[in-house]
Amino acid sequence: MRHIISVLLENEPGALSRVVGLFSARGYNIESLTVAPTEDASLSRMTIVTTGSDQVIEQITKHLNRLVEVIKVYDLSDGAHIERELMLIKVRAVGKEREEMKRTTDIFRGRVIDVTDKSYTIELTGDTAKLDAFIESIDKTAILETVRTGASGIGRGERILRV
């Protein structure tokens, strides 16, 4: 099962490598990883997307909590949460393909952020399924380059990850 684990940790050199090393040493896979400082510059929030049984996720959580830099670990998948991912995708757009690509982008509520005479660069945000659906809806041979951030998530309502 897919899990989104949110980790609040001290914003200091080496903290990220220790978390990644923990996953690597135990043979756990990280599907995506995003890290950025929070409103408190001394803290960072890390969002890890991984897969595993409930027992595996419990082990990951226990190991994360043992790291000195880690302040709090929260599995967002345990309750209601919002998740978003950003994708930048450069596609071939020549002749009649241009209008069709623009129409598809509009359907998915994306934005064309760069235009050349042969390509569009499109920005899309949404959950992973939405971005995957966009890729499935266009001609694979039109894709020139794709960049995705990985998921970021936050608990809904009163669910807060704080010190």
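Residues numbered from 1 in each chain as written. Predicted model: local features only at pLDDT ≥ 70, side-chain atom pairs only at ≥ 80, totals over all residues. Heavy atoms only, no water.

1. Points about the overall build of the protein
Just so we agree on the cut-off: For the purposes of this entry, the term helix denotes a DSSP run of H or I that reaches at least four residues, the term strand denotes a run of E that reaches at least two, and both are numbered from the N terminus. For every residue, the accessible area obtained with a 1.4 Å probe (protein chains only) is divided by the maximum for its type, and the residue is called buried under 20%, exposed over 50%, and partly exposed between those limits. In this analysis, two residues are considered to be in contact whenever any of their non-hydrogen atoms come within 4.5 Å of each other. Accessible areas in this description were obtained via Shrake-Rupley with a 1.4 Å probe; residue shielding takes into account the shown protein chains only. Under the counting rule used here, the positive set is Lys and Arg, the negative set is Asp and Glu, and His together with the chain ends is not counted. A single reference atom marks each charge: NZ on Lys, CZ on Arg, CG on Asp, CD on Glu.
Looking only at helices and strands, the protein has four helices and nine strands in total. In sequence order, the secondary structure elements of the protein are arranged as β-α-β-β-α-β-β-α-β-β-α-β-β. Projected onto the principal axes, the alpha-carbon positions of the protein cover approximately 55 × 35 × 35 Å. Looking at the 163 residues of the protein, the share that counts as buried comes to 36%. Taking contacts inside the protein between residues at least 6 apart in sequence as the whole, the part at least 24 apart equals 74%. For the protein, the accessible surface area stands at approximately 9300 Å², while carbon and sulfur atoms represent 52% of it. Side-chain charges in the protein split into 23 positive and 25 negative, and the spacing between the mean points of these groups amounts to 2 Å.

2. Comments concerning the side chain of H63
Take H63: it is sitting in helix α2 (residues 54–66). A residue is classified by how much of its surface remains accessible, and H63, at 13% relative accessible area, is buried. Ignoring sequence-local partners within four residues, the contact set of H63 consists of L22 and R26.

3. Section: the nonpolar core
The condition is simple: The criterion is simple. A nonpolar core is a set of buried Ala, Val, Leu, Ile, Met, Phe, Trp, Tyr and Cys residues joined through side-chain atoms within 4.5 Å.
In terms of nonpolar packing, the biggest core is built from 15 residues, with I5, V7, L9, V19, F23, I48 and L64 touching the most fellow members. For this core, the elements supplying multiple residues, two or more each, are β1 (2–10), α1 (15–25), β3 (43–51), α2 and β4 (70–75). When residues in this core are grouped by element, the largest group, four residues, is from α1. Ignoring any residue separated from it by four or fewer positions in sequence, one finds V7 in contact with S44, R45, M46, I48, L64, V70, K72, V73 and L161.

4. Overview of the pattern of salt bridges
When charged atoms on two side chains of opposite charge get close, those side chains can pair. The criterion, for reference: Here, a salt bridge means any side-chain nitrogen of Lys or Arg that lies within 4 Å of a carboxyl oxygen of Asp or Glu.
Applying the stated criterion to the full structure yields 13 salt bridges. In this structure, the salt-bridge partner of E12 is R18, at a minimum N-O distance of 4.0 Å. Under the relative-accessibility criterion, R18 is labelled partly exposed at 35%. R103 serves as the salt-bridge partner of E99, at 3.9 Å between the closest nitrogen and oxygen. Of the two residues, E99 and R103 both sit in helix α3 (residues 96–107), four residues apart, roughly one turn of that helix.

5. Some remarks on α1
Residues that lie three or four places apart on an α-helix share one face, since the helix turns once every 3.6 residues. Cut-off, in case you're wondering: Throughout, the arc means the angular range of directions from the helix axis out to the C-beta atoms.
Listed in full, the buried residues belonging to α1 are A15, V19, L22 and F23. Projection of α1 onto a plane perpendicular to its axis shows the buried side chains occupying an angular sector of 95°, all on one side. Across α1 from its buried face, at more than 90 degrees, point the exposed residues S24 and A25. Residues of α1 that are buried sit in contact with β1, β3 and α2.

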